[in-house]
Amino acid sequence: MIVANPVEYQKIENIAILTLNRSEAMNAMSKELLDALNKYIVEINRDKAIHCTIITGSAEKAFCAGADLKERKGMAEEQVIEAVSYIGETVRNVENMKMPVIAALNGAAFGGGLELALGCDIRIAADHVKTGLTETSLAIIPGAGGTQRLTRLIGLGKAKQLIFTAKPVTAEKALEIGLVEQVVSSDNLLDSAVEMAKMIAKNGPVALRQAKTAINQGYQSDITTGLSIEHLCYKETIPTQDRIEGLQAFKEKRKPVYQGK
């Protein structure tokens, strides 16, 4: 019997696409899937030709249903804590990828699945998607960053409402409260994500990396510290060849060709 890879990786020009590929288990996060995802994260980060990454799921039923509860059933308490910690570590690895990351939510995103999406920079959802942090219905809490990232994204009250009620929301509601940035039809999801990724990837790779650093680090700081971080990140773009290329291309009225240098 041929066993499918738990994560599929493809590259379109300078865009990486990672597809969670356990549709029979609603793309739940088994250790094997997390191992594969982390392996590709390292590979993509090393590839200077990749300027944007998309993470999506196989089929239309689920982006990711969260932790693999069947795998967890036989675990001791300490093993459960380690498993949740590994999911959290993986989400941080996604969050810290050197380029912008888009979550293309092709189906339901619950628990750790939504936490994975929250680790991405931008979220696009298919119009049939439902999503939520449902952990309290299982007598636990989000343990892979959900209580922190969701609060920072949509605000204290809305985050508490979602987490305390454990009630999933529709794609339209998720857009309304700022949980996702765009909702599209299921048929257009990947095309829309790739289109956005191409818009991102045509820009200066060093600038994208420094903008992401400035936003992520500055958002967690007071305004004075944030402005200092922004200034330091801006300075990193000044000595680059790409900055000179951008000015030259503007002068010559042509598209710039950035090299990430």
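For the structure, check the block above.
Let us look at the structure shown here. What you are looking at is a predicted structure, and each value in this text was computed from that prediction instead of being measured. (Residues numbered from 1 in each chain as written. Predicted model: local features only at pLDDT ≥ 70, side-chain atom pairs only at ≥ 80, totals over all residues. Heavy atoms only, no water.)

## Focus on the pairing of strand E2 (residues 15–20)
Moving residue by residue along a regular strand, the side chains alternate between the two faces of the sheet.
Argument step 1. Of all six residues in E2, six are buried; the element is thus mostly enclosed.
Argument step 2. Alternating positions in E2 separate into two faces, Ile15, Ile17 and Thr19 on one and Ala16, Leu18 and Leu20 on the other, with burial throughout.
Argument step 3. As judged from the six bridges shared by strand E1 (residues 7–12) and E2, these two strands associate in the antiparallel manner. Residue pairing across strands places Glu8 opposite Thr19, the latter belonging to E2.
Argument step 4. Counted along the chain from E1 to the antiparallel partner E2, the turn is two residues long, and its residue Glu13 has a positive phi close to 55 degrees.
Argument step 5. With six bridges joining them, E2 and strand E3 (residues 52–57) adopt parallel strand pairing. In the sheet register, Ile17 faces E3, and the bridge partner there is Ile54. (Buried < 20%, exposed > 50% of the residue type's maximum accessible area, 1.4 Å probe, protein only. Helix = DSSP H or I, 4+ residues; strand = E, 2+ residues; numbered from the N terminus. Pairing = 2+ DSSP bridges.)

## Some details on the sheet that holds strand E7 (residues 122–126)
Argument step 1. Spatial ordering of the open sheet is given by E1-E2-E3-E5-E7-E10, a layout of six strands whose pairing is mixed. The sheet terminates laterally at E1 and strand E10 (182–184), the two strands that pair on one side only. For this sheet, the mean angle separating the axes of adjacent strands, direction not counted, is 20 degrees. (Axes fitted to C-alpha atoms, helices over the stretch in contact; angles between N-to-C directions.)

## Re the side chain of Ser30
Argument step 1. Along the chain, the position of Ser30 falls in the loop between E2 and helix H1 (31–46).
Argument step 2. Residue class for Ser30 comes out buried when judged on its relative accessible area of 4%.
Argument step 3. Setting aside residues up to four positions removed in sequence, Ser30 forms contacts with Arg22, Asp68 and Glu71. (Contact = heavy atoms within 4.5 Å.)

## A few points about the packing of aromatic side chains
Argument step 1. Here the structure, examined in full by the defined rule, presents one aromatic pair.
Argument step 2. Taking 5.3 Å as the distance between ring centres and 45 degrees as the angle between the ring planes, the aromatic pair formed by Tyr9 and Tyr40 counts as tilted. In this pair, Tyr9 sits in strand E1 while Tyr40 sits in helix H1, placing the two residues 31 residues apart along the sequence.
Argument step 3. By relative accessible area, which is 23% here, Tyr9 ends up partly exposed.
Argument step 4. Its relative accessible area of 13% is what places Tyr40 among the buried residues.
Argument step 5. For Lys39, the ring lying beneath its charged end belongs to Tyr40, and the centroid distance is 4.6 Å. (Phe/Tyr/Trp six-rings, centres within 6.5 Å; stacked < 30°, edge-to-face > 60°. Lys NZ or Arg CZ within 6 Å of the ring centre and 35° of its normal.)

## Points about the nonpolar core
Argument step 1. In this structure, Ile54, Leu105, Leu116, Leu150 and Leu179 are the most contacted members of the largest nonpolar core, which totals 63 residues.
Argument step 2. Take this core: its biggest share by element is seven residues, from H1.
Argument step 3. Here Ile54 is in contact with Ile15, Ala16, Ile17, Leu18, Ile102, Ala104, Leu190, Ala193, Val194 and Ala197, once residues within four sequence places are set aside. (Core = buried A, V, L, I, M, F, W, Y, C linked by side-chain atoms within 4.5 Å.)

## Side note on the sheet that holds strand E9 (residues 169–170)
Argument step 1. Taken in spatial order, the four strands line up as E4-E6-E8-E9 in an open sheet, and their pairing is mixed. Edge positions in the sheet fall to strand E4 (62–64) and E9, since each of these pairs with one other strand and no more.
Argument step 2. Where strand E8 (residues 130–132) lies against E9, two bridges are found, and the strand directions are antiparallel. Paired with Lys130 across the two strands is Thr170, which belongs to E9.

## Points about a positive patch on the surface
Argument step 1. A grouping of Lys48, Lys98, Arg209 and Lys261 is seen on the molecular surface, where their side chains present a positively charged patch.
Argument step 2. By secondary structure assignment, the location of Arg209 is in helix H9 (residues 205–219). (Patch = residues over 30% accessible without salt bridge, like charges linked within 9 Å, V, L, I, M, F, W, Y side chains within 5 Å. Areas by Shrake-Rupley, 256 points an atom, 1.4 Å probe, with all protein chains shown as cover. Salt bridge = Lys/Arg side-chain N within 4 Å of Asp/Glu carboxyl O. Lys, Arg positive; Asp, Glu negative; His and termini not counted. Charge placed at Lys NZ, Arg CZ, Asp CG, Glu CD.)

## Here's the deal with the packing of H9 against helix H10 (residues 223–237)
Argument step 1. Axis separation between H9 and H10 bottoms out at 9 Å; the angle between their running directions is 170 degrees. One finds that H9 runs roughly antiparallel with respect to H10. Of the residues in H10, those in contact with Val206, Ala207, Gln210, Thr213, Ala214, Gln217 and Gly218 of H9 are Gly226, Ile229, Glu230, Cys233, Glu236 and Thr237. (Parallel < 35°, antiparallel > 145°, perpendicular 65-115°, else oblique.)

## Digging into a negative patch on the surface
Argument step 1. A grouping of Glu60, Asp127, Glu172 and Asp187 is seen on the molecular surface, where their side chains present a negatively charged patch.
Argument step 2. As for its position among the elements, Glu60 is in the loop between E3 and E4.

## Details of the environment of Thr213
Argument step 1. Along the chain, the position of Thr213 falls in helix H9.
Argument step 2. Here the alpha-carbon distance between Thr213 and Glu78, two residues 135 residues apart in the chain, equals 34 Å.
Argument step 3. With residues up to four places along the chain from it excluded, the contact list for Thr213 reads Gly218, Ile229 and Cys233.

## Focus on helix H3 (residues 77–95)
Argument step 1. Between its first and last C-alpha atoms H3 spans 27 Å; for 19 residues at 1.5 Å apiece the expected length is 27 Å, and the two agree.
Argument step 2. Tyr86, Ile87, Gly88, Thr90, Val91 and Val94 are the residues of H3 that are buried. (Expected span 1.5 Å × (residues − 1).)

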